[in-house]
Amino acid sequence: MTMLAPDNKTAVLAELRAGLGSKVNTDDGVRSARGHDRSHLPWEAPMAVVHCTSTGDVSEALAICSRHGVAAVPIAAGTGLEGGANSTADSICLDLSGMDKILRIGSADLDAIVQAGVMKSALNAALAGHGLTFPVGPGVDASVGGMASTGASGTTAVRYGTMKENVLGLTVVLADGTIIKTGGRARKSAAGYDLTHLFIGAEGTLGVLTEVTLRVYGIPEAASVAICSFPTLESCTAVVQSTLESGVPISRVELLDDVTVDAVNRYSGLGLPVMPTLIFEFEGSAANIADQGEAVRKLALVNGGTGWDYASDPDQISRIWRARHDALPSYTALVPGSSTWSTDVCVPISRLAECITLTKADTDREGVLAPIVGHVGDGNFHLAFVLPPGDDGVLVKAGAINDRLVERALSMGGTCTGEHGIGLGKTASLVKEHASAIPVMLAIKNALDPQGILNPGKVLAG
């Protein structure tokens, strides 16, 4: 698939300005700020940024881009980690961050309809007044459209699932500006092709998501958190597997390796033993969560767990999770001036301990600082390479370790990414994982985006 050359940069910008006026911005600082996500991957400032506030804006911008064969790259919060929102110099950036309206909260139906740029924090602030919450998504505050576009999840996936299980319907703008709606507010449907899930995880390569209909949930009556240390990573994963097999309904279980514990201790002042550690969360009635915690405590003790620290105060719980979600900045604080390259894989839970142990041995052998955290209730874990400034050798080693990590996960029946997405960074990994299905993916891409203007170079290379 090849990109059509723009007819004329001046003509494209003139038509965008004629249709969208002051929403079209060519300021150097704005173009640079909106041209990339949080990844380490390459980007260029786009030729212009279109500040969209409605589905109509996106439709008009894409219709103009389509007429000129110009690439369009959507971005909202820009919190991605695989370059999925990175622009090129000959592209137009569609900035959806201004699409921040909550269109409907359906308390009786436990659903909500939001524009794509609504941040998870803003949605939950609005839902709280109705006794509701949207628990799905990464620890970093992210836009709902971005989370749906990447098929994101996070710490709560073990109980609530990923975005794929929590999006009921979408409004999508296709490459030529056509607006379609998929799904709806009904909790199930047997009507036609499941287009909603086709666009979830497509990372803006098949259409631009502008409105999202979500499942929401009642706020639990009570919650508690328990932290326990273990002698080895294997004992951590053994406890998780035993917990899941026993049917205890945990809402979160996070693994932190010893390097991560040391980093968050320094950064957030937690004071935990510097050992492999699990953080459990339980939700429900006060009586139920006490029983759940006791059941897991016994499993932890059998597997060498020590220091069962239990918290039910909301402020204390919030502090613990904030420290967990601040893992990335805590890593960069270990090496002044450093940045991080964060990658993830997901494997069947029965292979999780082996995969993590082999991966940690690989980073130790190469002498690379790469702490591990994991949403281990669903077999997903993250490796964050700490990149000292100006050290190209570490970057080369990190690339090789990442390649071996993907190969290892695939050999265990896993996937090259559990939640970060493919973006620019894992297009080759996708080919390894789904070689037989790539022609079908390309056929769908060509049918919906024959000029290849939607977020080119992402997910499907070439």
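Before reading further, recall that the structure is shown in the block above.
What this report covers is the structure whose coordinates are included nearby.

1. Details of the overall build of the protein
In terms of regular secondary structure, the protein is built from 17 helices and 18 strands. Over its C-alpha trace the protein gives a radius of gyration of 22 Å, about what one expects of a compact globule, namely 23 Å for 462 residues. Taken as a whole, the protein presents about 18,000 Å² of accessible surface, with 56% of it coming from carbon and sulfur. Taking the 34 positively charged and 48 negatively charged side chains of the protein as two groups, their mean positions are separated by 2 Å.

2. Regarding the sheet that holds strand 14 (residues 277–284)
The strands that make up a sheet are held in pairs by hydrogen bonds between backbone atoms, and each pair lies either parallel or antiparallel. If you walk across this open sheet you meet the seven strands as 15-12-14-13-17-18-16, and the pairing is antiparallel. With partners counted over all chains shown, the strands left at the sheet margins are strand 15 (306–311) and strand 16 (339–346), one partner each. Neighbour-to-neighbour, the strand axes of this sheet turn through a mean angle of 15 degrees, independent of strand direction. Relative to strand 14, strand 12 (residues 222–229) is paired through eight bridges, and the arrangement is antiparallel. Within strand 14, the residue paired with Ala226 across the bridge is Phe280. Helix 10 (residues 258–268) contacts strand 13 (250–256), strand 14 and strand 17 (372–375) of the sheet and is inclined by roughly 95 degrees relative to strand 13.

3. A closer look at empty space enclosed by the protein
Overall, the coordinates contain one cavity of 30 Å³ or more when judged by the stated rule. Put simply, the largest cavity is a space of about 30 Å³. Of all the elements, helix 12 (residues 314–325) adds the most residues to the lining of the largest cavity, at three residues. Here the lining of the largest cavity is built from residues that sort into eight nonpolar, no polar and one charged.

4. Things to note about the nonpolar core
Ranked by internal contacts, the top residues of the largest apolar core, which has 38 residues, are Leu278, Phe280, Phe282, Phe381 and Phe385. It is helix 15 (residues 392–411) that provides the largest number of residues to this core, a total of five residues. The contacts of Phe282, once residues within four sequence positions are left out, are Ala222, Ala223, Ser224, Ala226, Val248, Ile250, Ser251, Ile289, Gln292, Gly293 and Val296.

5. Quick word on the pairing of strand 16
Most of strand 16 sits inside the fold, with seven of its eight residues counted as buried. Relative to strand 18 (residues 380–387), strand 16 runs antiparallel, the two sharing eight bridges. Following the sheet pairing, Cys346 is matched in strand 18 by Asn380.

6. Some points on the pattern of salt bridges
In the structure shown here, the tally under the stated rule is 24 salt bridges. Note that Asp28 and Arg31 form a salt bridge whose closest N and O atoms lie 2.6 Å from each other. Taken together, the positions of Asp28 and Arg31, both in helix 2 (residues 28–33) and three residues apart, correspond to about one turn of that helix. When its relative accessible area of 52% is taken as the criterion, Asp28 is described as exposed.

7. Considerations on the packing of helix 10 against helix 13 (residues 327–334)
Packing of helix 10 against helix 13 brings their axes to within 8 Å, and their N-to-C directions diverge by 90 degrees. Between helix 10 and helix 13, the angle falls in the class roughly perpendicular. Residues Thr260, Ala263, Val264, Arg266 and Tyr267 of helix 10 lie in contact with helix 13, whose contacting residues are Ala327, Pro329, Ser330, Tyr331, Ala333 and Leu334. Class assignment of the residues belonging to the contact of helix 10 with helix 13 gives a composition of eight nonpolar, two polar and one charged.

Here is what the cut-offs are and how they apply
The numbering scheme is per chain: residues are counted from 1 as the chain's sequence reads. Whole-chain, interface and lining totals are the exception, using all residues; otherwise, since this is a predicted model, local features are given only for residues with pLDDT of at least 70 and side-chain atom pairs are given and counted only at 80 or more. Note that water and hydrogens are dropped before the side-chain values are worked out from all heavy atoms of the structure. Strands are runs of DSSP state E lasting at least 2 residues, helices are runs of H or I lasting at least 4, and numbering of each runs from the N terminus. Our radius of gyration is a C-alpha quantity, and the globule rule it is checked against amounts to 2.2 Å times the number of residues to the power 0.38. Areas reported as accessible are Shrake-Rupley estimates using a 1.4 Å probe. Residue values count occlusion only from the protein chains shown. His is not counted here, nor are the chain ends, while Lys and Arg score as positive and Asp and Glu score as negative. For this purpose, a charge sits on NZ of Lys, CZ of Arg, CG of Asp or CD of Glu. Following DSSP output, two strands are said to pair if at least two bridges run between them. The convention used is that axes are lines fitted to C-alpha atoms, helices contributing only their stretch in contact, and that angles between N-to-C directions extend from 0 to 180 degrees. Note on contacts: a residue pair qualifies if any of its non-hydrogen atoms lie within 4.5 Å across the two residues. As defined here, a cavity is a set of points on a 1 Å grid over the protein atoms alone where a 1.4 Å probe fits but cannot get out. A pocket is an open set with protein on both sides within 12 Å along at least five of seven lines, and residues line them when an atom is within 4 Å of a point. Grid points are joined across faces, edges and corners, and a volume is the space filled by probe spheres set on the points. As a working rule, the residues Ala, Val, Leu, Ile, Met, Phe, Trp, Tyr, Cys and Pro are called nonpolar, Asp, Glu, Lys and Arg charged, and the rest polar, with Gly in that last group. Working definition of a nonpolar core: buried Ala, Val, Leu, Ile, Met, Phe, Trp, Tyr and Cys residues. They are joined through side-chain atoms within 4.5 Å. Each residue gets one of three labels from its accessible area relative to the maximum for its type: buried under 20%, exposed over 50%, partly exposed in between, using a 1.4 Å probe on protein chains only. When a carboxyl oxygen of Asp or Glu lies within 4 Å of a side-chain nitrogen of Lys or Arg, that pair is called a salt bridge. Here the word oblique covers every angle except those under 35 degrees (roughly parallel), over 145 (roughly antiparallel) and from 65 to 115 (roughly perpendicular).

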